[in-house]
Each structure stands twice: as structure tokens, then as C-alpha cells.
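Breakdown of the fold
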Amino acid sequence: MNRFRSLLGIALGIAGVVLVGCQAGTDAGGATAGGGAPKTGKKFKVGISIPAADHGWTAGVKYWADFASKQNPDIDWIIQDAKESGDQISGLENLQTQGVDAMVILAYESGPLTPIAKKLHDAGIVIVNVDRGFTEPVADVFIEGDNKAFGRKSAEYMAKKLNGKGKIAIIEGVSCTVNTDRVEAAKAVFKAYPGIQIVADDKGEWNREKAEKTMANMLVANPQIDAVWASDDDMALGVETALKAAGRNKNIWILGGGGMKDIVKRVMDKDPLFPADITYPPSMIGFGVQAAAGILHAGKDNAKKYMPRHVMIDIELITPENAKDFYFPDSIY
């Protein structure tokens, strides 16, 4: 939890710098120079659009969106979640009709959400994109984890633990930039090891139950699988359920990612089924919330002078040796 809070603390610091910038001067009418908040008592209004909390990581996103928005009581926040892309698009259109000044968007899927994000941005709404990037650079700020490093570091660990040979299965998430970056980076590593064979590759859609069904089908088709690369921890738990149901949870292991506390605890306890994990904090949504607040307070034109357009958060490999540094039992995720 402390590590997650430190990320939010960085965002608060950036927002503080932005707020200093907004005090540079006001025009004769009392509005902040550079497009800041008019001093009429009217609050800014910001929409936060995120996927529904159908698994642990997105539940963490909702928690941190609530937490960060409460740090800015001078802004009216509207938090919406969606179970699929169509719902999210409708929600964004509804937020526009409510006259929001900015939107913080974690897309359900990258492709379908890009046109509406572009439309909103062209209408003058500040767009802060978090985690799952749009397919065009339409956001004012894009905040993401280093998903290519996620795929590379996890695949390098798997290849070394397998001593460069073995049969593996890959469980992917939904179609978005996050999944693409992770999977392509991992496959690039596996390609460098001729002794490693990818015998199955299918989607679990970031969902525990769907990953369980996908893994069950893979087990029927493949009598030998030595390890499973799952692109997040919720799906890794679904994989475990399928392995146990098939009586094949011995002599196999799983590598997920996200830093879920339950998985980190098992890494720390040297559970042979989960020898390692990869960090990917859902608290990054809090960073996005603070960025939106800072941009609005400073004025978009002023903020453009020093706010980065792209922020990438590093990820780390969790092993039994360092797991205690990533285990926070009171965390939501």
C-alpha cells in the first residue's frame, strides 16, 4: 500500500507544481491567465470513466479513483464504470452532455474508444488517458505502465527457469494496447529460445472464470504443458483452478502479473505454483486524476508548457527474495 501511495504522492507533487503555475497572474475579469478556473465560484466538473470492477485489478482502479478524487473536493467528480465498450462510449457521451471540463479515461478496449475520445478532445475537453492507450495520440496526457517491460521481464524469467526449453501456454487479456505490448514483448523473448514451444495461445479477457475455461480447453488439447504465462494475476488464478480440476497442478507453474496481494504472499511463501510475479499498480488511475485536476487549475495552455504528454511507470519482477517489499495485506488488491 505504501508503494501505491508513493505513486499517488508523485502525482500530488506534479499537481502542486501545476497549481503554482496557475497563480502567475489573472486578467482584468478575474479569470486565471492561460485558461484556469474563473473566480466566480463555479466548480470544474470532471468525469472518470473506467471498466467495471469485474476482477481484482479493476476493483483496485475503482478504489484509487475514489481515493484520489476525494483529495480534490473543489472539483465535482463523476465516476462511471462500464461492462463493455458500447456502455463506456454511451457513458462518455452522457458525460459530455453534463458539461464536463475534463475526462480521465481507462478504456475497456483501445480501438472502439479512440473515435469518441478524439471527438471529446476536439470539443475542447481535457483528456487524460490511463493504462489502455488509444490507437491515436488524442489524449492531452497518457499515463501507462511499461507493458513491454512487463512482457520482456516475465518472459525472461520464465525462459531462465525453464532452462531454455519446455512447452508453454499463453493466456491473453482483451484486445488493447496493454495486451498487445505484453504479449508481443514476451513472444519476442521466447522466440530467442528454440527449445521453448508455445503449444497454446488464447484469451482469458482479464477474467478469472474465462481464463479457467480457456485453460481447461488447452489442457484437453495438450497432454504436456510445463508452464503458463498469463498476462495478469486474476487470469493466473483461473488457470490454477483449471489445473486443479484436471489434476494437473503438479510439475507445472504459472507466471501472472499485477502485484495482487494474494499472489505476492504465495511468492513470498515460495509456493511452487507461483514462483514469481510482476508489478502493475492500479493506483496509476490516481495519477491520472491528479493530472486532470492540475491541468484544469493551471489552465490547459499553461499546463502544456511543462506537463509531460506521456508518463510511463516502471514495473518490477517480484521473487521470494524481494516479495516482502511488495506485500501489503491491507491493500484492496
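Because the structure is a prediction, the values reported are computed rather than measured.

1. Focus on the packing of helix α5 (residues 147-161) against helix α6 (residues 177-191)
- Relative orientation of the contacting elements α5 and α6 amounts to 35 degrees, with a least axis distance of 7 Å. Between α5 and α6 lies a crossing of right-handed hand. Judged by residue contacts, N147, K148, F150, G151, R152, A155, E156 and M158 of α5 engage V178, D181, R182, A185, A186, V189 and F190 from α6.
- Looking at the contact of α5 with α6 residue by residue, the class counts come to 8 nonpolar, 2 polar and 5 charged.

2. Comments concerning the sheet that holds strand β7 (residues 195-203)
- The sheet built from 4 strands is open, its strands ordered β7-β6-β8-β9 with parallel pairing. Both outer strands of the open sheet, β7 and β9 (253-255), are each paired with one neighbouring strand and no more. Going from strand to strand, the sheet's axes swing by 25 degrees on average, the running direction of each strand aside.
- Pairing geometry for strand β8 (residues 227-230) and β9, over 3 bridges, is parallel.

3. Notes on the pattern of salt bridges
- This model, assessed by the stated rule, comprises 14 salt bridges.
- Close ionic contact of D201 with K187 constitutes a salt bridge, the shortest N to O distance being 2.6 Å. Residue D201 is located in strand β7, and its partner K187 is located in helix α6; the two are separated by 14 residues in the primary sequence.
- Taking the relative accessible area as the measure of exposure, D201 reaches 33% and is therefore partly exposed.
- We note a salt bridge from R266 to D271, for which the minimum N-O separation is 2.8 Å.
- Taking the relative accessible area as the measure of exposure, R266 reaches 21% and is therefore partly exposed.
- One network of salt bridges, with partners in common, ties together E240, K244, R266 and D271.

4. Things to note about the pairing of β8
- Where burial is concerned, the two faces of β8 agree: the one with A227 and W229 and the one with V228 and A230 are both buried.
- Each parallel crossover has a hand, and the one from β8 via helix α8 (residues 233-245) to β9 is right-handed.

5. Description of the packing of aromatic side chains
- For the structure on display, the rule yields 5 aromatic pairs.
- Their ring planes at 35 degrees and their centres at 5.8 Å tell us that W57 and Y280 sit as a pair that is tilted. Here the residue W57 occupies a position in helix α2 (residues 56-70), and Y280 occupies one in the loop between β10 (277-278) and α10 (284-298), the gap between them amounting to 223 residues.
- Its relative accessible area of 6% is what places W57 among the buried residues.
- For Y280, a relative accessible area of 2% translates into the label buried.
- Members of the aromatic cluster, connected to one another through ring pairs, are W57, F150 and Y280.
- One residue, R182, lies across the ring of F150, its end atom 3.8 Å from the ring centre.
- A cation over an aromatic ring shows up here: R182 above the ring of Y280, its NZ or CZ 4.4 Å from the ring centre.

6. Some remarks on the packing of α2 against α10
- At a closest axis distance of 7 Å, the pairing of α2 and α10 adopts a crossing angle of 35 degrees. Here the hand of the crossing between α2 and α10 comes out right-handed. Touching W57, V61, W64, A65, A68 and S69 of α2 are M284, I285, G286, V289 and Q290, all from α10.
- Tallied by class, residues from the contact of α2 with α10 come to 8 nonpolar, 3 polar and no charged.

Definitions and cut-offs
- Residues numbered from 1 in each chain as written.
- Predicted model: local features only at pLDDT ≥ 70, side-chain atom pairs only at ≥ 80, totals over all residues.
- Heavy atoms only, no water.
- Axes fitted to C-alpha atoms, helices over the stretch in contact; angles between N-to-C directions.
- Helix = DSSP H or I, 4+ residues; strand = E, 2+ residues; numbered from the N terminus.
- Left-handed = near helix turned anticlockwise from the far one by under 90°.
- Contact = heavy atoms within 4.5 Å.
- Nonpolar A, V, L, I, M, F, W, Y, C, P; charged D, E, K, R; others polar.
- Pairing = 2+ DSSP bridges.
- Salt bridge = Lys/Arg side-chain N within 4 Å of Asp/Glu carboxyl O.
- Buried < 20%, exposed > 50% of the residue type's maximum accessible area, 1.4 Å probe, protein only.
- Right-handed = clockwise from strand over helix to strand, strands pointing away.
- Phe/Tyr/Trp six-rings, centres within 6.5 Å; stacked < 30°, edge-to-face > 60°.
- Lys NZ or Arg CZ within 6 Å of the ring centre and 35° of its normal.

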